[in-house]
Structure formats: C-alpha cells, structure tokens
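# Overview (structure and organization)
One-letter residues, chain by chain:
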Amino acid sequence: MSSIQSFYHKDSTPSRSCKPHNPENEAFTQAEIEAARRPLTQSWRPKGVYEEVTIAELQPGPTKVRFKARIVNFSAATHGRGRGRSALPENFHTLIVKDDTGVVLLKLLSSGSDQDVLKLGTLVTVWTGFVADYSAAHIAYSNFRIPFVSLMISIHPSAGSTSCIRFHNETNPSQDTTELCRVPLNYDNFINLSQVPGLMSLKAYISSGYDDNQDAHILVCVFSAGPCLTVWSKDKQKDLELIEVRVFDETCNNCVLKLWEDKVSSAESWVANQTILLITNPILKHSIRSNGLVELGIGSSSMVEVDPDFPDADWLRHMAAARTRKESVHIPFPVDIWDVDAAIHGPGRTLYTLADIDEYVREVPEVVFTGKLNLLITGVSIVEQCRKRQLCCFECCNIPLYSHNANATCKNCLKTHELSLNPKIIGSLTDEAGSVAAGKLIWSDRAWTELLFGNNNTAPAEAVHTQAMHVFSELADDSHADRGIVAVKNGDDNGDVSIKKEKSDSVEIEYEKHFLGDDIFDDLDDLDDPFDDLQPQEVVAKQSYESWKVLTRLDNDSLRDVEERLLYSRVTLTFGWSPRVGRLCVLGVEW
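What you see is a predicted model; the values in this text were computed from it and never measured.

### What about helix H8 (residues 354-363)?
Residues of H8 that are buried: Leu354, Ile357 and Val361. Taken around the axis of H8, the buried residues stretch over an arc of 60°, which confines them to a single face. Set apart from the buried face of H8 by more than 90 degrees, the exposed residues are Arg362 and Glu363. The elements touched by buried residues of H8 are strand E17 (351-352), strand E18 (369-377), strand E24 (429-430), strand E25 (435-436) and strand E30 (570-577).

Structure below.
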C-alpha cells in the first residue's frame with residue numbers, strides 16, 4: 001500500500017546561481033537624493049494639457065490649469081517651530097500670489113532648502129490639477145483674513161505630481177516678463193485718470209486711515225535700506241533677523257518699513273529712489289521713535305506689490321528722481337557721453353553764457369553738446385569744509401558719506417568707497433548773464449586738478465611749495481642733528497619726487513612723502529647742501545589727474561593759500577550737457 005506522500009513526488013528544478021549581495025545597489029543615487037532635497041530645481045514635464053488662465057477665471061474643483069502671478073506676501077515653513085495663529089501646516093510655505101485680475105493662496109510643500117527663492121515681487125508660474133475653496137472655516141480658525149483671497153491651491157513638487165511651481169529669475173528679464181502681473185487690482189487701464197480704490201497718502205494713513213479702511217493702500221518709494229540686524233525676541237526667546245527700509249511719498253518722509261526673518265532677502269534687489277511699493281493693509285506701530293520715525297510692518301493680511309504699473313507709481317518715481325537730483329550730495333561724473341579732448345582742443349569751441357545755455361536747452365530738450373563758459377569764482381569754502389571733515393563726499397545706500405580722506409567706509413553696508421571732492425568747496429560762479437549756485441556742477445577729476453593746480457597738469461600753487469618746504473626744513477634740521485646729508489631730486493616724468501637722508505655711516509633712510517599724491521620713490525644723487533640749487537618752483541612735480549587728492553594732505557595754512565588764490569579768479573570752463581544727466585558737467589578748466 002502506497003502512502004499519499006509517495007503519490008506526490010517533488011519536482012527537481014535546476015539550481016540557479018544567485019548573485020552575491022551588494023548593499024551599495026540598495027542605496028539611492030546622488031541624483032535621486034538631490035531630486036528629493038530640491039524638487040523645484042528638477043525638470044518637470046506636465047502630463048496632459050494645462051489650460052492657461054488668469055486667477056479670476058479659476059473655479060473650485062478638479063481642473064488642469066496654469067497661470068502666472070507675482071508673490072505679494074509669504075510665510076516660510078517653520079518645520080516644527082510653530083506658526084502662531086495660522087491654520088496651515090508647519091511644513092508648508094504659505095504664498096499669496098497675484099496677477100492683474102485676482103489673488104490666490106498657495107500651499108507649497110517645503111523641502112527644507114527652497115526658502116532662498118521666496119522673495120516679494122518674484123514672478124512664478126503655477127501648474128495645478130485641483131483648486132480648493134478657501135472657506136470661511138480657514139478664516140475663523142486662523143483669526144485673520146487675506147484680502148481678495150477666495151481660493152487655495154496645494155502644490156507638492158515631485159516628478160509624478162500634477163502640480164508644480166516655477167520661480168522665474170529676473171536678473172536679466174525680458175520685456176515680456178518685466179511687465180507681467182504689475183497692474184493693481186480694481187484698476188482700469190482703459191479709463192484715463194483712474195485711481196486705485198482705497199489709495200491714500202502716507203500722511204493720511206498715519207493720521208487716521210488705519211482706523212476706518214480695512215483694505216487701505218499706500219504707495220511709497222524706497223529711500224534706503226539699512227543693514228541686516230540681529231535682534232533678540234523676548235516673546236520667541238531667540239534671535240531674529242531684521243532689516244529696516246526707509247520709505248517716503250510726497251507727503252511724508254519719516255517712515256521705516258520693518259522686514260523680519262524670511263522677508264529680509266526681498267529688500268536686496270530694491271533700488272533707492274527707484275523701487276515703488278504698493279502696500280495693502282500695512283501694520284502701523286502707534287508709538288513714534290525718539291528720532292521721529294514712524295514704523296510700518298507687514299502682517300498676514302498685508303500685500304506688497306513691487307513696482308506696480310499705473311500712473312501714480314510713475315509719477316512718484318519721477319518725483320523721487322527729481323528729488324535725488326536736487327538733494328544729492330554726490331553725482332558720479334558721466335563717462336562715454338562727450339569727446340573730452342575734442343571739446344577742449346577741437347575746432348568747435350563755442351563760448352556761451354549761462355543765459356545762452358538755458359535758452360538752448362529749453363528749445364531743444366534732447367540736445368547733447370559741449371562748449372566754453374567764462375566765469376568768475378565768487379565763493380570758496382575749502383577751509384570750512386575741512387573743519388567740518390567734509391572735504392570729500394560720496395553717497396552709499398542713499399546716505400551721504402563725508403570724510404577728509406579720499407577713501408571712506410559706509411557705516412551701513414561696510415563697503416569702502418573712493419570719494420570725490422565735495423563740489424560745495426566752490427561757491428557761486430557768475431558771468432554777465434547769470435550764476436550757478438554752489439554744488440550744482442559735476443566736476444571731473446581732470447577739471448578739479450586743473451582748477452586747483454593750474455593748466456599743463458602742474459601745481460603752481462604757493463600752498464604746495466609751502467608744504468614741500470616744511471618737509472624739507474624738517475628733514476634738514478634732522479639731518480644736521482644727526483650729521484647727515486639730505487639729498488633731494490626734482491620730479492621725474494611720472495610726477496614723483498624723492499627725498500632721501502644719507503647718514504655719515506652710509507646707512508640710507510628713504511622718506512616717502514605722500515603730500516603730492518603718489519608714493520615718493522626714486523634714486524637720488526648726493527648733494528653737499530640740501531637746499532643748494534633748489535628753488536621752490538623746482539619742488540613742484542607733474543601731477544596725474546588724480547592729484548586733487550593732494551588737497552586732503554595739506555595743512556590749514558596751505559589750504560588757505562589755495563583758497564585765496566581761487567577766490568575772485570576768472571576761469572574758462574569746458575562743459576558738457578546731456579539730458580540724461582540734467583546738470584552741467586565740467587570737463588576741463590583753463591586759466
């Protein structure tokens with residue numbers, strides 16, 4: 001009797017060779033890790049057709065659409081640090097984006113390394129397969145409302161997702177992207193003199209506008225951006241980053257907009273006296289600082305539109321530019337506009353009066369030309385500016401920077417700049433037809449050198465002689481005390497003067513003097529007497545066109561000599577005019 005087990009027989013299968021276990025094959029590749037960490041940088045191709053729409057055309061429900069908009073407010077993901085009153089998850093970025101027709105709320109899943117792309121005013125393209133209703137439940141739970149927002153879109157960037165977002169880099173923007181999504185809401189481009197509803201001046205908003213108007217708008221221009229500060233928060237018990245941006249309009253110029261933490265980087269691209277901000281529902285701090293500044297802030301229900309496109313913004317930008325030209329202490333000398341040598345030595349050298357120039361520019365506003373002016377210097381304040389430590393000036397971060405030296409460091413951004421001579425050291429210049437006020441001319445380095453030290457690029461001023469003789473006297477006294485010899489050689493073709501003291505023990509000590517501009521450095525022949533065959537006029541060295549810097553190294557007596565020589569002198573200026581600059585630019589000076 002056979003058993004049941006014997007009825008079933010085990011099939012013999014050929015043995016298969018197993019590959020050795022390699023744990024490295026189970027690890028993720030570097031490309032896969034990078035795709036998970038930075039999904040927004042990976043290529044994403046939409047599956048199917050996405051209809052291009054505006055935000056006003058969005059409807060709740062499943063639909064494949066895409067649209068372009070600009071970020072007007074955002075809150076970066078906190079990753080477990082808490083989001084306060086917000087009802088949104090902590091690992092999501094909250095973005096409020098706007099186009100010309102409406103506003104929508106975006107929930108962007110954070111990968112932990114994409115916070116650097118979040119900036120106010122950035123243009124984004126959004127693809128989505130579902131639009132949700134931003135219901136009253138969200139508003140009740142979060143205890144704040146976002147103006148104009150009724151829809152919400154969730155974005156989970158990944159290769160297989162139906163939703164994605166792209167942040168456009170507008171470092172070198174094209175004309176097509178620059179003008180996109182910049183028209184304010186409820187503004188009609190087709191109606192002349194149309195205004196944004198609820199728009200009020202900064203002074204009116206500070207006085208009483210924040211009490212009655214829930215959707216108040218203020219239009220301001222950036223005046224300057226301060227340095228990034230680290231401030232200790234008592235409420236959150238940690239350090240917070242802060243940047244303060246001075247803003248103004250035609251009614252008020254003592255306001256500061258405070259940007260905290262994730263919004264600090266937004267101010268990096270803002271340009272003083274050019275960037276315009278349209279702020280909806282700003283936060284106003286009622287207490288006023290000791291320096292008189294009023295503080296504004298950005299809350300969860302605020303919106304900031306960068307460089308909006310409508311006539312009021314254009315008017316404010318032009319007003320800021322005119323104010324800059326009027327109040328600026330330093331305007332860089334323009335280059336590549338005129339042929340300087342042809343203007344000074346060419347055949348077309350026309351002598352104008354100030355009245356002729358004014359009439360010519362008014363008749364032909366776009367004209368670019370050069371000419372000559374014969375003017376009388378009726379005021380000089382070199383010594384006064386030196387006493388104020390304002391001989392040289394510059395503008396950085398839209399803040400005047402003064403110094404007695406040719407170089408200085410901005411206390412705001414800590415950058416070192418090469419300064420120019422303060423144009424206010426020369427007072428009014430007049431002719432028979434008019435006058436030019438102090439500080440209204442733009443001088444080139446060549447013009448400053450020729451004005452202070454004469455033509456032919458030499459220094460005939462007695463002040464330089466006096467300063468040089470002081471140096472020689474000190475060296476001579478020192479050499480006699482040490483029983484040595486002072487050797488002096490005249491300036492060479494490069495404009496250098498070398499002063500060397502040779503002691504009796506053949507040890508040579510070279511003195512480098514900087515009062516003539518460049519380092520004094522040369523080989524010298526010994527002289528029996530330091531002042532034999534040496535006349536004051538031989539001390540004068542040929543100067544480079546940067547030699548106006550000698551003025552920063554002269555003492556008060558020497559500066560007073562220069563000032564007395566210039567006062568009530570008549571000089572001929574070679575000028576250039578361009579509507580791009582809007583001021584007379586001095587190319588050269590003839591005595």
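Still to come is the rest of the account.
### Structural notes on helix H13 (residues 556-566)
Taken together, the buried positions of H13 are occupied by Ser558, Leu559, Val562, Glu563 and Leu566. Buried residues of H13 fall within an arc of 140° about the axis and therefore sit on the same side. Two residues or fewer past H13, tyrosine 568 is found with a positive phi of approximately 65°.

### Notes on the packing of aromatic side chains
All chains considered together, the criterion is met by eight aromatic pairs. Among the aromatic residues, ring-to-ring pairing joins Tyr352, Tyr360, Phe369 and Phe575 into one connected group. Note that lysine 263 overlies the ring of phenylalanine 74, its terminal NZ or CZ placed 5.2 Å from the centroid. In this structure, arginine 323 packs its charged tip against the face of phenylalanine 248, placed 4.4 Å from the ring centre.

### Re the sheet that holds strand E19 (residues 392-396)
As summarised here, the arrangement of the three strands in space is E20-E19-E23, forming an open sheet in which the pairing is antiparallel. Either end of the sheet is taken by a strand with one partner, and the two such strands are strand E20 (399-403) and strand E23 (420-421). Bridge analysis of E19 against E20 gives five bridges, and the strand direction is antiparallel. Each residue of the ladder has a partner; that of cysteine 396, found in E20, is isoleucine 399.

### Notes on the environment of asparagine 91
On the secondary structure map, asparagine 91 appears in the loop between strand E2 (61-75) and strand E3 (92-98). With near-sequence residues (within four places) excluded, asparagine 91 lies in contact with Ala77, Leu108, Leu109 and Ser110.

### Side note on the environment of phenylalanine 148
Tracing the sequence through the fold places phenylalanine 148 in the loop between helix H3 (136-142) and strand E6 (149-155). With 50 residues separating them along the chain, phenylalanine 148 and lysine 98 place their C-alpha atoms 9.7 Å apart. Setting aside residues up to four positions removed in sequence, phenylalanine 148 forms contacts with Val103, Leu185, Asn186 and Met303.

### Some thoughts on the pairing of strand E15 (residues 294-297)
Taking every second residue as pointing to the same face, both faces of E15 are buried, with Val294 and Leu296 on one and Glu295 and Gly297 on the other. Here strand E12 (residues 255-260) pairs with E15 via four bridges, running parallel. Looking across to E15, one finds that valine 256 is bridged to glutamate 295.

### Describing the pattern of salt bridges
Taken as a whole, this structure holds 15 salt bridges when the rule is applied. We note a salt bridge from lysine 285 to glutamate 295, for which the minimum N-O separation is 3.6 Å. One end of the pair, lysine 285, is in strand E14 (residues 283-288); the other, glutamate 295, is in strand E15, with ten residues separating them in the sequence. Overall, glutamate 295 belongs to the buried group, its relative accessible area being 8%.

### Overview of the side chain of asparagine 281
Within the fold, asparagine 281 resides in the loop between strand E13 (276-280) and E14. In terms of polar contacts, asparagine 281 uses its side chain to reach the backbone carbonyl oxygen of serine 301, at 3.5 Å.

### Looking at the packing of helix H10 (residues 445-453) against H13
Where H10 meets H13, the closest approach of the two axes is 9 Å, and the angle between their N-to-C directions is 90°. For the element pair H10 / H13, the angle class is roughly perpendicular. Mapping the contact onto sequence places Leu451, Leu452 and Phe453 in H10 and Val562, Arg565 and Leu566 in H13.

### Focus: the side chain of arginine 70
By secondary structure assignment, the location of arginine 70 is in strand E2. Its relative accessible area of 3% is what places arginine 70 among the buried residues. Excluding residues that lie within four positions of it along the chain, arginine 70 makes contacts with Ile96, Val97, Lys98, Gly121, Thr122, Leu123, Glu170, Thr177, Thr178, Leu180, Cys181 and Arg182.

### Some words on the pairing of E12
Within E12, five of the six residues are buried, which leaves the element mostly enclosed by the surrounding structure. Pairing geometry for strand E11 (residues 238-248) and E12, over six bridges, is antiparallel. Within E12, the position partnered with valine 245 by the bridge is leucine 257. As consecutive antiparallel partners, E11 and E12 are separated by six residues.

### Comments concerning a negative patch on the surface
Together, Asp356, Glu359, Glu363 and Glu432 give the surface a local cluster of negative charge. Looking at where glutamate 359 falls in the secondary structure, it is placed in helix H8. For glutamate 359, a relative accessible area of 47% translates into the label partly exposed.

### Brief notes about unusual backbone geometry
Residues other than glycine seldom take positive phi values, yet asparagine 186 does so here, at roughly 60°. By secondary structure assignment, the location of asparagine 186 is in the loop between helix H4 (175-178) and strand E8 (199-200). Residue asparagine 186 is classed as exposed on the basis of its relative accessible area of 56%. For aspartate 336, which is not glycine, the phi dihedral falls at a positive 60°. Positionally, aspartate 336 belongs in the loop between helix H6 (311-327) and helix H7 (340-345). By relative accessible area, aspartate 336 is classed as exposed at 80%.

### Notes on the confidence of the model for the protein chain
In this model, the protein chain carries a mean pLDDT of 75, and residues with pLDDT of at least 70 account for 69%. This stretch, residues 457-546, has a pLDDT under 50; its non-local contacts, to residues over four places away or in other chains, come to 160 contacts.

Each value, and the rule that gives it
- Residues numbered from 1 in each chain as written.
- Predicted model: local features only at pLDDT ≥ 70, side-chain atom pairs only at ≥ 80, totals over all residues.
- Heavy atoms only, no water.
- Buried < 20%, exposed > 50% of the residue type's maximum accessible area, 1.4 Å probe, protein only.
- Helix = DSSP H or I, 4+ residues; strand = E, 2+ residues; numbered from the N terminus.
- Arc of directions from axis to C-beta.
- Contact = heavy atoms within 4.5 Å.
- Phe/Tyr/Trp six-rings, centres within 6.5 Å; stacked < 30°, edge-to-face > 60°.
- Lys NZ or Arg CZ within 6 Å of the ring centre and 35° of its normal.
- Pairing = 2+ DSSP bridges.
- Salt bridge = Lys/Arg side-chain N within 4 Å of Asp/Glu carboxyl O.
- Polar contact = N/O pair within 3.5 Å; in protein donor to acceptor, adjacent residues only side chain to side chain.
- Axes fitted to C-alpha atoms, helices over the stretch in contact; angles between N-to-C directions.
- Parallel < 35°, antiparallel > 145°, perpendicular 65-115°, else oblique.
- Patch = residues over 30% accessible without salt bridge, like charges linked within 9 Å, V, L, I, M, F, W, Y side chains within 5 Å.
- Areas by Shrake-Rupley, 256 points an atom, 1.4 Å probe, with all protein chains shown as cover.
- Lys, Arg positive; Asp, Glu negative; His and termini not counted.
- Charge placed at Lys NZ, Arg CZ, Asp CG, Glu CD.
- pLDDT = per-residue confidence, 0-100.

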